[in-house]
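# Structural overview for review
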2 protein chains.
Amino acid sequence: MATLADIGLAAAINILSAFVFFVAFAFLRLQPFNDRVYFPKWYLKGLRSSPTRSGAFVRKFVNLDFRSYIRFLNWMPDALKMPEQELIDHAGLDSAVYLRIYLLGLKIFVPVAFLAWTILVPVNYTNSTLELAKLKNVTSSDIDKLSISNIPQESNRFWAHIIMAYVFTFWTCYVLRNEYETVASMRLQFVASERRRADQFTVLVRNVPPDPDESVSELVEHFFLVNHPDHYLTHQVVYNANKLAQLVQKKKKMQNWLDYYQLKYTRNNSIRPFTKTGFLGCCGAKVDALDYYTSEVEKLSKEIAAEREKVASDPKSIMPAAFVSFKTRWGAAVCAQTQQCRNPTLWLTDWAPEPCDVYWPNLAIPYVSLTIRRLIMAIAFFFLTFFFMIPIAFVQSLASIEGIEKVAPFLKFIIDVGFIKSFIQGFLPGIALKLFLIFLPTILMIMSKFEGYISLSSLERRSATRYYLFNFVNVFLGSIIAGSAFQQLNSFIHQSPSDIPKTIGVAIPQRATFFITYIMVDGWAGIAAEILMVKSLIIYHLKNFFLVKTEKDREEAMDPGSIGFNTGEPQIQFYFLLGLVYATVTPALLPFILVFFGLAYVVFRHQIINVYNQEYESAAAFWPDVHLRVIIALVISQLLLFGLMATKQAANSTPFLIALPVLTITFHRFCKGRYEPAFIRYPLEEAMMKDTLERAREPHLNLKSFLQTAYLHPVFKSADDDEDDDDLGEKWDNESVLVPTKRSSRRNTPLPSRISGASTPSLPEVHEDSQP
Amino acid sequence: MATLADIGLAAAINILSAFVFFVAFAFLRLQPFNDRVYFPKWYLKGLRSSPTRSGAFVRKFVNLDFRSYIRFLNWMPDALKMPEQELIDHAGLDSAVYLRIYLLGLKIFVPVAFLAWTILVPVNYTNSTLELAKLKNVTSSDIDKLSISNIPQESNRFWAHIIMAYVFTFWTCYVLRNEYETVASMRLQFVASERRRADQFTVLVRNVPPDPDESVSELVEHFFLVNHPDHYLTHQVVYNANKLAQLVQKKKKMQNWLDYYQLKYTRNNSIRPFTKTGFLGCCGAKVDALDYYTSEVEKLSKEIAAEREKVASDPKSIMPAAFVSFKTRWGAAVCAQTQQCRNPTLWLTDWAPEPCDVYWPNLAIPYVSLTIRRLIMAIAFFFLTFFFMIPIAFVQSLASIEGIEKVAPFLKFIIDVGFIKSFIQGFLPGIALKLFLIFLPTILMIMSKFEGYISLSSLERRSATRYYLFNFVNVFLGSIIAGSAFQQLNSFIHQSPSDIPKTIGVAIPQRATFFITYIMVDGWAGIAAEILMVKSLIIYHLKNFFLVKTEKDREEAMDPGSIGFNTGEPQIQFYFLLGLVYATVTPALLPFILVFFGLAYVVFRHQIINVYNQEYESAAAFWPDVHLRVIIALVISQLLLFGLMATKQAANSTPFLIALPVLTITFHRFCKGRYEPAFIRYPLEEAMMKDTLERAREPHLNLKSFLQTAYLHPVFKSADDDEDDDDLGEKWDNESVLVPTKRSSRRNTPLPSRISGASTPSLPEVHEDSQP
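Because the structure is a prediction, the values reported are computed rather than measured.

Cut-offs and rules
- Residues numbered from 1 in each chain as written.
- Chains lettered and ligands numbered in written order.
- Predicted model: local features only at pLDDT ≥ 70, side-chain atom pairs only at ≥ 80, totals over all residues.
- Heavy atoms only, no water.
- Helix = DSSP H or I, 4+ residues; strand = E, 2+ residues; numbered from the N terminus.
- Buried < 20%, exposed > 50% of the residue type's maximum accessible area, 1.4 Å probe, protein only.
- Contact = heavy atoms within 4.5 Å.
- Areas by Shrake-Rupley, 256 points an atom, 1.4 Å probe, with all protein chains shown as cover.
- Pairing = 2+ DSSP bridges.
- Axes fitted to C-alpha atoms, helices over the stretch in contact; angles between N-to-C directions.
- Parallel < 35°, antiparallel > 145°, perpendicular 65-115°, else oblique.
- Nonpolar A, V, L, I, M, F, W, Y, C, P; charged D, E, K, R; others polar.
- Least-squares fit on C-alpha atoms with pLDDT ≥ 70 in both.
- Salt bridge = Lys/Arg side-chain N within 4 Å of Asp/Glu carboxyl O.
- Expected span 1.5 Å × (residues − 1).
- Arc of directions from axis to C-beta.
- Buried area = accessible area lost by both parts, 1.4 Å probe.
- Polar contact = N/O pair within 3.5 Å; in protein donor to acceptor, adjacent residues only side chain to side chain.
- pLDDT = per-residue confidence, 0-100.
- Core = buried A, V, L, I, M, F, W, Y, C linked by side-chain atoms within 4.5 Å.
- Phe/Tyr/Trp six-rings, centres within 6.5 Å; stacked < 30°, edge-to-face > 60°.
- Lys NZ or Arg CZ within 6 Å of the ring centre and 35° of its normal.
- Patch = residues over 30% accessible without salt bridge, like charges linked within 9 Å, V, L, I, M, F, W, Y side chains within 5 Å.
- Disulfide = S-S within 2.5 Å.

## Looking at the overall build of chain A
When you go through chain A residue by residue, the secondary structure sums to 37 helices and 6 strands. Across the 772 residues in chain A, those meeting the buried criterion constitute 54%. Sequence separation of at least 24 residues holds for 81% of the intrachain contacts in chain A that already meet a minimum separation of 6. About 34600 Å² of surface is accessible on chain A, with carbon and sulfur atoms providing 64% of the total.

So this is what it looks like as structure tokens:
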């Protein structure tokens, strides 16, 4: 049991490290040579270019203006200044709503913490159960004196906790409802916003049935001409262009090398550069680099042309799916929401995801296969969650001294060295587990891809759900009840349903100090480290030093990343869970959670404004998931409180808790019916209004040309000409007015955000290409 | 434990009673004075009129043709002869598909019974476990020798049962899938059938938001003119006409009495009839009957006119709901499947139920109230299921000798009579329970009505679901594990989840003989009694003797009833459950179930053809429920077999059963995705096809006049003129060609069935009125 002093020490260490991170960040971000690392978003938007301030050579790399170091925390108010509407224009609705999750945490937990400290803490503290217990040599910490553990059995004081459980539940539900309403209306407003987007007019049709007489394209056209005669406009079939995409990728690499050697040759005309044809240019025959790469590029160009020909002509490479565009938003909304065909597994229509959001490889999976794939993944995930320790334990046994000596006896003499021996014993087993946890999001993402989701946003949402479940079982339950998930599962199966909340409930107050430490490490120092972006910083400079050959390379060397919904959201949800579970049990934990939410909000707001480059825009489609998981946390907290109370023998007060989960679930069903449709369907009233407005404003709009190529596979666009990236970059530069990064000046020149960029339909593919 | 002889005796008794019922039925149905009881369906269709055969007076009432008594089981092949398509025309798709549930039972259980008897029975019988046990004084019956109980612990013979469990599951799923497919296509074909139905063009809009400037009617018109400009045709608002309906009902009664006295006076002109104004004409002032009723009718006519005026003019009596009709089926299909408004709880659109299917009082319940109502009913149903014994036990305690003596001491001298005493002791407690069970379907129906379902068909479906659950908990589990449902609940909560199947599984083989007796009483004799219609017979003749005053009264004296989905389907499902659970455990039970399904199929086919008058037509909307419940029975049977095996310590074979429920549930999800939409949505392709056909055939159709009054509240139609029932009856007579009841002759003159009757829009209200 940790004492107050222990926690104080841990807090000091973590605050100190967070402080160090902030200072380092403040220092590093002011250095011009880090500019691309800490402001990539502005580079991508074309609002900032490489630092070319006039002055000494050294000033190009190091900031010598000492005044700028004094206000080293200035980025914080800067990050908070940008109003929400501008943030939506700047970074998209997804990012803006993602930040609202942190705000939601603050909205819920500030009043909860206040109430818990003014009411529950005095109620708990003015008992002497633990002091009496201490006399009997039962250890307890000072934190426990503030918790429910300090109240004697059968006490009437438990009424305070029950009433507060009701108050907290009502408050949480109230905030959740308001937030759901706000986000739903933000989404509708965003969708109804001025800009014309291809996905508003387009529906994705899957499982087009095979027809012996007609091609997929003809079939789609005929079907929609017959069944939506007044609204059908055009369509694009989906090609299976995976091989073509590979070739284009390869050609791009070769072209890049060619550029590099040409640059080298231009600088030093005397020596013609040589290279080796083998692995990484290290082995194989030595050839003239310029000739070699020129011929390679030519060869690949021919191959690409042939492959494109093949894809375009071979009916087998056309998938039974198509993007069908309509004349009006109304027509698209109708088609997306209705069933087309007698057989509901054919002609499946859905809202088309935004063009950048499409996950192309999954477009052709047939319906029956989907059911089976989901079954397989459900089973796989079950085993992953409950039995993942088995392979890791196996690896760990191999990674022990004896294991290595058995597998590779020739290493024996190295292992016997004392230092290496202790390293292996101390670190290797842990590294196996750590490696697994690092790769877990990737594994979950692969599982989601296998399941056949067709948009990046839904892939991320699915992965987030699984990650949350994994965290809940292995981190939350795993920390409360010691033992592997499998052991828990086993004990749960053999326990009565009413005993499970008791088993967990009893253990909860005892683990409060552990979770406080966890919050400080993961939630304080971890978030502070996020802003420093150590990994990106190192990789960028390494790439810049060793690999960057051209300016284009330098652009690509910096991967700004994205908010990473699939890992970020489950992390936040874990804090919601901790906060709600401990609100009535150990209120001492709440301030730590508040600090997390506040700090994370500022940090991520800064990152979203300056760094992250969201790949897609789903218009906050994730909110129902967020809402549902907070509700789940609420129900879990109620059940666990019920279990805890039951063991406290507060028989006359405990039954009053039964109504809470029932009420909470009813509330959830109400919200689901009331707000969820806004995230799934597009109301006809809205569509009609937008159509009418548009018709009045632009009566002669040529919609067909706008929609014609919106949903072309990205590889066809980039393959159209070799240098299209640069071309597009130039185009973009010409189109957008260059303004300084200072936010204040941007107010006067509102620029189309990345989403609106879809109205210059070629832009998004630039980024798509750079992240194959 | 019942021996084979006991079961044989029970079977003999039940077969005998079934035989007696059939003979009685054969005799009674041939008597002309019972004609209206046993052939009401033909009367309602106007294809049969009161027997007026020429001949002796006695032949009007008694059939003296002895040859007709010889072939007393002739109705059976007659019932089976009518082909399914004709049955659909005659009685509607609901009835035809309802019969398919019995066929489904035969399709599943005939091969299952065959396999079980050829494979499992020999495997079970060639053991001697029970004989050895008998030596140790453990009793067991002969039936048990055929069951799984006869196999020793840890035997390898359990593999046979596991393999058969797989075979049965696959066969059941195969049959279920085929049936789902057939029913779905039958439904689509029915909906797409030639006849034009008002509900194909109409959508029910609920929760029209209040508007200060416009009336509901204007608001609806404007909204749909804006949002469905090309398709909106007309609409009808919904009036709150409950009070008006009462007045009309009352007037009808008075009018009827007036007719009666006029008839009486015509026959005997000398005496003017008198009546008393008080209760049932037995007390109160004596008045001239003709004058009294004439004045009453006039008074009510005025009141009705005033009330109609008020309903039509007072905006408060207009509910925020409307039936909106469209120019095309396509337009209606689109509107029913899409979301109209930003706020998904306003402007809720749904397929309009068939006009006769509408449950008018529920049309105006607001959205929020629905959630709360469902919550309240969920809680109420929980208590009803698990605690219904408490009030009954209370009533039973009152109904005991001591209870009555305490409440009503003055009855003591009566009670002390030996006969009455034993009657009270023996019967009253049982009667309390029996009364509850008789009223249970009514209670469940009231609960469903409270929940706000808007069509009679959905009310019946909901009640059926609840009745099934009640049966499962209180009859199935209650019979297997002795004790009240509450005791079970309590023990389940305190048992581990893995122990529950064990507890039940172990008890299952022992209860086989009980269920065999149950099947014979409820499923054989009960079904045979159904065809006799004792209740209807007695009530009809009593009414005919005492109450019938006019020919119209005689028509109304016979209530043909309907298939009663809310009680009938749960009963069938109970046999599915028994059959699937016992298929692997005690195959001896299967033949009894087969007899039930076969017999019930014939009996209900006869009843549907000759008796039942289905009130509404939902186009087999109940099939997804039927499918789901068979799946549930399958999963329960698998879990219980798993539990049973676990106690048999067949450790090396039992784990192979785990996959079964997972596979079954996956199968269900597949079916749900593949076939369920056909029962919820109307595919646009179908709608468009039908529209195009119709436009080609009847280019100048005046759809508006057809739809204008289709969804008028029935009370407005019947109140339009006083004698409309008769008028309509005449109209109907004029329209339909009178043909003899012999089916063969009908083949040549196919008549519009009751559903098609909707195309003569006034007809259904005749029946609607007669069942207020």
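Structure's up, so let's keep going.
## Focus on the pairing of strand E5 (residues 318-326) of chain A
The two faces of a sheet get side chains in turn, since along a regular strand they alternate between them. All names here are of chain A. Taken across its 9 residues, E5 has 8 buried, putting it largely inside the fold. The pairing of strand E1 (residues 202-206) with E5 spans 4 bridges and is classified as antiparallel. Its bridge partner lying in E5, Thr202 is registered against Ser325. In this structure, strand E2 (residues 232-239) lies alongside E5, joined through 6 bridges in antiparallel fashion. Each bridged residue has a counterpart across the sheet, and for Thr234 the counterpart in E5 is Ser325.

## A short note on the packing of helix H23 (residues 499-507) of chain A against helix H29 (residues 623-647) of chain A
Residue and element names in this part refer to chain A. Remark: H23 packs on H29, axes separated minimally by 7 Å, with the N-to-C direction vectors making an angle of 85 degrees. Looking at the two axes, H23 sits roughly perpendicular to H29. The segment H23 lies against H29, with Pro501, Lys502, Ile504, Gly505 and Val506 engaging Leu639, Leu640, Gly643, Leu644, Ala646 and Thr647. Residue classes in the contact of H23 with H29 are distributed as 7 nonpolar, 3 polar and 1 charged.

## Examining the relation of the copies chain B and chain A
The two copies are related by a screw operation: chain B maps onto chain A through 180 degrees of rotation and 0.0 Å of translation along the axis, at an RMSD of 0.1 Å. Look at the turn and shift together and you get a two-fold axis relating the two. Comparing contact sets, 98% of the residues at the interface of chain B also lie at the interface in chain A, consistent with an isologous, same-surface contact.

## Regarding the pattern of salt bridges
If you walk through the whole model with that rule in mind, you get 22 salt bridges over all chains. Ionic pairing is found between A:Arg329 and A:Glu694, a salt bridge with its closest N-O pair at 3.2 Å. Pair noted here: A:Arg329 is in helix H15 (residues 329-337) and A:Glu694 is in helix H32 (residues 684-697), with a separation of 365 residues, a long-range link. According to the relative accessible area criterion, A:Arg329 is buried, its value standing at 0%. A salt bridge links B:Glu181 to B:Arg177; its shortest N-O distance comes to 3.3 Å. With a gap of 4 residues between them, B:Glu181 and B:Arg177 both fall in helix H10 (residues 158-191), about one helical turn apart. Judged by its relative accessible area of 31%, B:Glu181 falls in the partly exposed class. Residue B:Arg177 is classed as partly exposed on the basis of its relative accessible area of 28%. Counted as one network, the salt bridges with shared partners bring together A:Glu84, A:Arg100, A:Lys107 and A:Glu179.

## Things to note about helix H12 (residues 216-227) of chain B
Residue and element names in this part refer to chain B. The end-to-end C-alpha separation of H12 is 16 Å, in line with the 16 Å expected for 12 residues at 1.5 Å each. The complete set of buried residues in H12 reads Leu219, Val220, Phe223, Phe224 and Asn227. All buried residues of H12 project into a common sector of 115 degrees when viewed along the axis, lining one side.

## Things to note about the interface of chain B and chain A
Each side of the interface is counted separately: chain B has 48 residues, and chain A has 47 residues. Here chain B meets chain A over a buried area of about 4100 Å², counting both sides, of which 61% is carbon and sulfur. Ranking the residues of chain B by area buried against chain A places B:Gln339, B:Arg342 and B:Glu685 at the top, with a combined share of 17%. Across the chain B-chain A interface, the total number found is 0 salt bridges. In this assembly, chain B and chain A are joined by 8 residue pairs in polar contact (both at pLDDT 80 or more). Considering every element that reaches the side of chain B that touches chain A, the biggest residue donor is helix H30 (residues 659-675) of chain B, with 6 residues.

## Comments concerning the confidence of the model for chain A
Residues and elements named next belong to chain A. Summary statistics for chain A give a mean pLDDT of 77 and a share of 80% for residues scoring 70 or more. A low-confidence stretch, residues 719-772 stays under pLDDT 50, and its non-local contacts, those more than four residues away or across chains, total 92 contacts. We note a pTM of 0.77 for the whole complex and an ipTM of 0.71 for its interfaces.

## As for the environment of A:Arg605
Residues and elements named next belong to chain A. When you line up the elements, Arg605 lands in helix H28 (residues 590-610). Of the residues examined, Arg605 reaches a relative accessible area of 6% and is grouped as buried. For the pair Arg605 and Glu307, spaced 298 residues apart in the sequence, the C-alpha separation amounts to 45 Å. Those residues in contact with Arg605, other than ones at most four positions away along the chain, are Ala79, Leu80, Lys81, Met82, Pro83, Glu84, Leu87, Leu99 and Ala600.

## Digging into the nonpolar core
Counting residues in each nonpolar core, the largest one holds 290 residues, and the members touching the most others are A:Tyr102, A:Phe476, A:Trp623, B:Tyr102, B:Phe476 and B:Trp623. Broken down by element, this core gets its largest block of residues, 17 residues, from helix H10 (residues 158-191) of chain A. In contact with A:Tyr102, other than residues within four places in its own chain, are A:Ile572, A:Phe596, A:Phe597, A:Ala600, A:Tyr601 and A:Phe604. The next biggest cluster of nonpolar side chains, apart from the first, holds 20 residues, and it includes B:Val237, B:Ala241, B:Leu258 and B:Ile304.

## Digging into unusual backbone geometry
Residues and elements named next belong to chain A. Even without being a glycine, Trp347 presents a positive backbone phi close to 50 degrees. Structurally, Trp347 is set in the loop between H15 and strand E6 (348-351). Judged by its relative accessible area of 5%, Trp347 is buried.

## A short note on the packing of aromatic side chains
Applying the stated rule across the entire model yields 78 aromatic pairs over all chains. Between B:Phe472 and B:Phe476, the aromatic rings sit 5.6 Å apart at their centres with planes inclined by 15 degrees, giving stacked as the arrangement. Of the two residues, B:Phe472 and B:Phe476 both sit in helix H21 (residues 456-480), 4 residues apart, roughly one turn of that helix. For the pair B:Phe472 and B:Phe476, one class covers both residues: buried. The interplanar angle of 80 degrees and the centroid separation of 6.4 Å between the aromatic rings of B:Phe476 and B:Phe574 together place this pair among those described as edge-to-face. Taken together, the residues B:Phe476 in helix H21 and B:Phe574 in helix H27 (residues 565-585) connect sequence positions 98 residues apart. In this pair, the class of B:Phe476 matches that of B:Phe574, namely buried. Sitting above the plane of the A:Tyr453 ring, A:Arg374 keeps its charged end 4.7 Å from the centroid. Here B:Arg373 stacks its cationic end above the ring of B:Phe450, 4.8 Å away from the centre of that ring.

## Structural notes on the sheet that holds E6(A)
Residue and element names in this part refer to chain A. Strand order in the open sheet formed by 4 strands is E2-E5-E1-E6, and the pairing between neighbours is antiparallel. Two strands bound the open sheet, and with one partner strand each, they are E2 and E6. Direction aside, the axes of adjacent strands within the sheet are offset by 30 degrees on average. Where H15 meets the sheet, its contacts fall on E1, E5 and E6, and the angle it forms with E6 comes to roughly 130 degrees.

## Some details on the sheet that holds strand E5 (residues 318-326) of chain B
Residues and elements named next belong to chain B. Strand order across the open sheet formed by 4 strands is E2-E5-E1-E6, with antiparallel pairing between neighbours. Strands with a single pairing partner mark the edges of an open sheet, and in this sheet they are strand E2 (232-239) and strand E6 (348-351). Each strand of the sheet is rotated relative to its neighbour by a mean of 30 degrees, with strand direction disregarded. Set on the sheet, H12 makes contact with strand E1 (202-206), E2, E5 and E6; between it and E2 the angle comes to about 155 degrees.

## What to know about a nonpolar patch on the surface
All names here are of chain A. On the surface, Val368, Ile372, Ile376 and Phe450 cluster together into a nonpolar patch covering about 320 Å² of accessible area. By residue number, the principal contributor to the nonpolar patch is helix H16 (residues 367-387), which donates 3 residues. Mapped onto the fold, Phe450 is located in helix H20 (residues 418-451). Residue classification places Phe450 among the partly exposed residues on the basis of a relative accessible area of 33%.

## Let's talk about the state of the cysteines
Residue and element names in this part refer to chain A. Summed over the entire model, instances satisfying the criterion amount to 0 disulfides over all chains. Take Cys671: it sits in no disulfide, and the sulfur closest to it among the cysteines is that of Cys173, at 7.5 Å. Among the residues examined, Cys671 registers a relative accessible area of 0% and is labelled buried.

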